[in-house]
Amino acid sequence: MTKTEYYKRLARIFWSYRRKRTRLSYNPIRLWIEATSWCNLACVMCPNKELPKEQKGYMEFDLFRKIADEAAGFVYEIHLLHRGESLLHPRFFDMVRHARDKGIVTKFHTNGTLLDEDKARALIASGLDQFSFSFDGYDAASYEAIRVKGDFEKTAGNIVRFLEIKKALGARKPATYLELIDMPERYRSQDKDAKAKFLARFEGLPLDGLEIKEFHNWAGNLGAVPCGRKYSPSSFLWSALIIFWNGDVLPCTQDFTGLLKLDNVREKSLAEIWNGPALIGLRERLLRKDYAGLNPCAGCDRLWRKQFLGIPTEYAWKALFKKMP
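What you see is a predicted model, and the numbers here were worked out from it, not measured in a lab. (Residues numbered from 1 in each chain as written. Predicted model: local features only at pLDDT ≥ 70, side-chain atom pairs only at ≥ 80, totals over all residues. Heavy atoms only, no water.)

Colleague: Can you break down the packing of helix H4 (residues 117-126) against helix H6 (residues 152-169) residue by residue, with the values?
Modeller: Closest axis-to-axis distance for the H4/H6 pair is 10 Å, and the angle between their directions is 45°. As the angle between them shows, H4 and H6 are arranged oblique. Between H4 and H6 lies a crossing whose hand is right-handed. Counted together, Glu117, Ala120, Arg121, Leu123 and Ile124 of H4 and Arg161, Phe162, Ile165, Lys166 and Leu169 of H6 form the full contact between these two elements. Broken down by class, the residue content of the contact of H4 with H6 amounts to 6 nonpolar, no polar and 4 charged. (Axes fitted to C-alpha atoms, helices over the stretch in contact; angles between N-to-C directions. Helix = DSSP H or I, 4+ residues; strand = E, 2+ residues; numbered from the N terminus. Parallel < 35°, antiparallel > 145°, perpendicular 65-115°, else oblique. Left-handed = near helix turned anticlockwise from the far one by under 90°. Contact = heavy atoms within 4.5 Å. Nonpolar A, V, L, I, M, F, W, Y, C, P; charged D, E, K, R; others polar.)

What follows is the structure, encoded as structure tokens:
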């Protein structure tokens, strides 16, 4: 997809969202595809540790290939992750290569704990476009209190070594970010110099940016809805689909346990699901602000966000500059 085509697609999404259209004349521009729902950590802000065993699994490569082949005509980018740590999947790099061969931009997040030197080289060779290290805390005490089961020095070393390899190879891709969640109550007790000391590890290395993400409540799983912000229906319903490892399709990344399952890609095409009765009905309901009793939407803080021209601003600029995490 060319830059011009990308921005034309964004304009159509913006117009359809603003005009409150529920049957859309285009297909989704993004997919979140869950390579696996298994994770090797038990982070305090993530509900994955409470996920029942029957919801844990790995996507079959043939299923991924079917999805990517179908999406190649209209999807700009695939985010190869959702509830788990994607590097646990034995064919993760094959997934990246297949999507790239289809002309689809590929992105993902990793906690970095498994990115040893071999995986670092494989990641660069796969053609991945962009990824982020999810890393919270500037010292061992804060990191290991948040990223339970993680090892601060080992993971920080993995990040540094990846960047050293990328620099030595002269590789432009993948664009690499370090991402932290804004949790001031957990950072407040740290040494004032801890952040500077931590970031000094990456001086002279090809780290493309540091992202501080706003904390959210995983659709009510981690707290109450904040007050004082305007209501806006989730823009995901006008731009993206989420696909679990087993093929179940969801409307939004916040639906962690699949309460709003739309259908399954083994049984219907992405286009059929995109303009199917389940998703059209959900768009209509949220446009009416009829979310009471609708789980997980009723408890989700993503419906109450800062806005610009009626569009939630949190991801708007990243979408415009093609840096959507």
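Colleague: Tell me about unusual backbone geometry, residues and numbers included.
Modeller: Negative phi is the rule for most residues except glycine; trans is the rule for most peptide bonds. For the bond running from Lys173 to Pro174, omega is 0°, close enough to zero to count as cis. Here Pro174 lies in the loop between H6 and strand E5 (175-181). The omega torsion of the bond from Asn295 to Pro296 falls at 10°, within 30 degrees of zero and hence cis. Mapped onto the fold, Pro296 is located in the loop between helix H10 (277-287) and strand E11 (304-305). With a phi angle near 60°, Lys20 is a residue other than glycine that sits in the positive phi range. Here Lys20 lies in the loop between helix H1 (3-18) and strand E1 (30-33).

Colleague: Got a sec to walk through the packing of aromatic side chains? Specific residues and values, please.
Modeller: Inspection of every chain in the model, using the stated rule, returns 20 aromatic pairs. Here Phe92 and Phe108 contribute two aromatic rings whose centre-to-centre distance is 4.7 Å and whose plane-to-plane angle is 50°, an arrangement assigned as tilted. With a gap of 16 residues between them, Phe92 in helix H3 (residues 92-101) and Phe108 in strand E3 (residues 105-110) connect regions that are remote in the sequence. No difference in accessibility class separates Phe92 from Phe108, as the two residues are buried. Ring centres of Phe135 and Phe152 lie 5.7 Å apart, and the angle between their planes is 55°; this geometry places the pair in the tilted category. One end of the pair, Phe135, is in the loop between strand E4 (130-134) and helix H5 (140-146); the other, Phe152, is in helix H6, with 17 residues separating them in the sequence. You'll find Phe135 and Phe152 in the same group, each marked buried. Each member of the aromatic cluster is reached from another via a ring pair, and the members are Phe92, Phe93, Phe108, Phe131, Phe133 and Phe162. Stacked on the ring of Trp274, the Lys or Arg Arg283 has its end atom at 4.7 Å from the ring centre. (Phe/Tyr/Trp six-rings, centres within 6.5 Å; stacked < 30°, edge-to-face > 60°. Buried < 20%, exposed > 50% of the residue type's maximum accessible area, 1.4 Å probe, protein only. Lys NZ or Arg CZ within 6 Å of the ring centre and 35° of its normal.)

Colleague: If you had to explain the pattern of salt bridges to someone new, which residues and values would you point to?
Modeller: Once their charged atoms are close, side chains differing in charge can pair, the charge on each being opposite to the other. This model, assessed by the stated rule, comprises 21 salt bridges. For Glu34, the salt bridge goes to Arg83, with nearest N and O atoms at 2.6 Å. Taken together, the residues span a long stretch of sequence, with Glu34 in the loop between E1 and helix H2 (61-71) and Arg83 in the loop between strand E2 (77-79) and H3 at a distance of 49 residues. Assigned by exposure class, Glu34 and Arg83 land together as buried. With a shortest N-O distance of 3.7 Å, Glu70 and Lys66 are connected by a salt bridge. Taken together, the residues Glu70 and Lys66, both in helix H2 and 4 residues apart, mark about one turn of the helix. With a relative accessible area of 24%, Glu70 lands in the partly exposed category. A residue is classified by how much of its surface remains accessible, and Lys66, at 35% relative accessible area, is partly exposed. (Salt bridge = Lys/Arg side-chain N within 4 Å of Asp/Glu carboxyl O.)

Colleague: Provide a residue-level description of the environment of Arg302, including the pertinent values.
Modeller: Of note, Arg302 is situated in the loop between H10 and E11. For Arg302, a relative accessible area of 7% gives the class buried. Arg302 sits 69 residues away from Pro233 along the chain, and the two C-alpha atoms are 8.4 Å apart.

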